[in-house]
Amino acid sequence: MTAINTSEDLLPLLREDAHFYDQARRLILTDELITLPERFATFAARVDDFIVQQEQFNDEQRQFNQRVDSRFDRIERDLSHFKNRFSESQVADEAFTIAMAMGFNLVRVLSNSDLVQMCRHPDAQLLPQNDLISFTRADLVVEVSGEEGNRHFIAVEVSYTADLRDTDRARRNADYITRFTGQPTHAAVASARNDQNIQGLIDDGAVWWYPLDDQTDGAEIR
């Protein structure tokens, strides 16, 4: 039997005798420390499983959120379309009132066919095709007369909430009508509410605003 007198005698024995090493380790360490690596490996495996499950949950949640967002987007688009269609119908019924509110007498409401005919003007050949198509689909164009019987037009864009897209279309359509007819044309928007970005155009008179009925908005004609 190997005599152990110093630590130098013990260390080689621990390295060479696996059984002696295991017995010494169990004597020095508690069972909790001895089983710690195995327990940690088990814990790590459970953490990995949790991460995988969490990632799967996150993916499912993300897909669910996308479906919900898509559904809400469709609902919002449908409501917006409904509001705009209602607004257009209301404006068409009030063409006479719009003309009168702007200081004119209504002569007639132009049809889309009338606008297509306007596009036969030679100047139309110089304009973007997409803009001309959009022009022929203008929400409302009316011919009016002034106090002295002078011929004018009003190009109206309709929206529940008017924004720069509406004012840009109205001003573009007014410019086209003037090019095609040689008559003064006024840009207008008809809306229940306005985006704050167009208020300056309304205040400056670049675009006229016809307010639509909205029970939540105490709008007045400007």
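Calculation criteria
- Residues numbered from 1 in each chain as written.
- Predicted model: local features only at pLDDT ≥ 70, side-chain atom pairs only at ≥ 80, totals over all residues.
- Heavy atoms only, no water.
- Helix = DSSP H or I, 4+ residues; strand = E, 2+ residues; numbered from the N terminus.
- Buried < 20%, exposed > 50% of the residue type's maximum accessible area, 1.4 Å probe, protein only.
- Contact = heavy atoms within 4.5 Å.
- Areas by Shrake-Rupley, 256 points an atom, 1.4 Å probe, with all protein chains shown as cover.
- Pairing = 2+ DSSP bridges.
- Core = buried A, V, L, I, M, F, W, Y, C linked by side-chain atoms within 4.5 Å.
- pLDDT = per-residue confidence, 0-100.

1. Topic: the overall build of the chain
Thought 1: Of regular secondary structure, the chain possesses nine helices and seven strands.
Thought 2: Going through the 222 residues of the chain one by one, you find that 30% of them count as buried.
Thought 3: Of the contacts made within the chain by residues no fewer than 6 positions apart, 57% connect residues no fewer than 24 positions apart.
Thought 4: For the chain, the computed accessible surface area is about 15200 Å², with 50% contributed by carbon and sulfur atoms.

2. Concerning helix H7 (residues 129-136)
Thought 1: Of the residues making up H7, those classed as buried are Leu132, Ser134, Phe135 and Thr136.
Thought 2: Among the structural elements, helix H6 (112-118) and helix H8 (164-181) are those in contact with the buried residues of H7.

3. Examining the environment of Thr178
Thought 1: Take Thr178: it is sitting in helix H8.
Thought 2: For the pair Thr178 and Phe153, spaced 25 residues apart in the sequence, the C-alpha separation amounts to 8.4 Å.
Thought 3: With sequence-adjacent residues up to four places away left out, Thr178 is seen in contact with Gln183, Pro184 and Thr185.

4. Examining the pairing of strand S2 (residues 140-145)
Thought 1: With six of its six residues buried, S2 lies for the most part within the structure.
Thought 2: Burial of S2 is two-sided: the residues Leu140, Val142 and Val144 facing one way and the residues Val141, Glu143 and Ser145 facing the other way are all buried.
Thought 3: Relative to S2, strand S1 (residues 105-109) runs antiparallel, the two being bridged by four bridges. When the bridges of S2 are listed, Leu106 appears paired with Val144.
Thought 4: Direction of pairing for S2 relative to strand S3 (residues 151-158): antiparallel, over a ladder of six bridges. Each bridged residue has a counterpart across the sheet, and for Leu140 the counterpart in S3 is Val156.
Thought 5: Between S2 and the antiparallel strand that follows it, S3, lie five residues; Gly149 among them carries a positive phi value of about 85°.

5. A word on the nonpolar core
General note: in soluble globular proteins, nonpolar side chains tend to be found buried as a group.
Thought 1: Counting residues in hydrophobic clusters, the biggest one holds 25 residues, and the most contacted among them are Leu115, Met118, Leu132, Phe135, Val141, Ile177 and Phe180.
Thought 2: Secondary structure elements with two or more residues in this core: H6, H7, S3, H8, strand S5 (185-191) and helix H9 (199-204).
Thought 3: If one sorts the elements of this core by residue count, H8 sits on top with five residues.
Thought 4: Once residues within four sequence positions are removed from consideration, Leu132 is found in contact with Cys119, Ala124, Leu127, Tyr176 and Phe180.
Thought 5: If you look at the next biggest cluster of nonpolar residues, it comprises 17 residues, including Leu140, Ala192, Trp208 and Leu212.

6. Overview of the side chain of Asn173
Thought 1: Relative to the elements of secondary structure, Asn173 occurs in helix H8.
Thought 2: Here Asn173 is in contact with Phe135, Ala138, Ala155 and Glu157, once residues within four sequence places are set aside.

7. Side note on the confidence of the model for the chain
Thought 1: Summary statistics for the chain give a mean pLDDT of 80 and a share of 70% for residues scoring 70 or more.
Thought 2: Within the model, pLDDT remains below 50 along residues 215-222, and this stretch shows 15 contacts once partners closer than five positions in the same chain are excluded.

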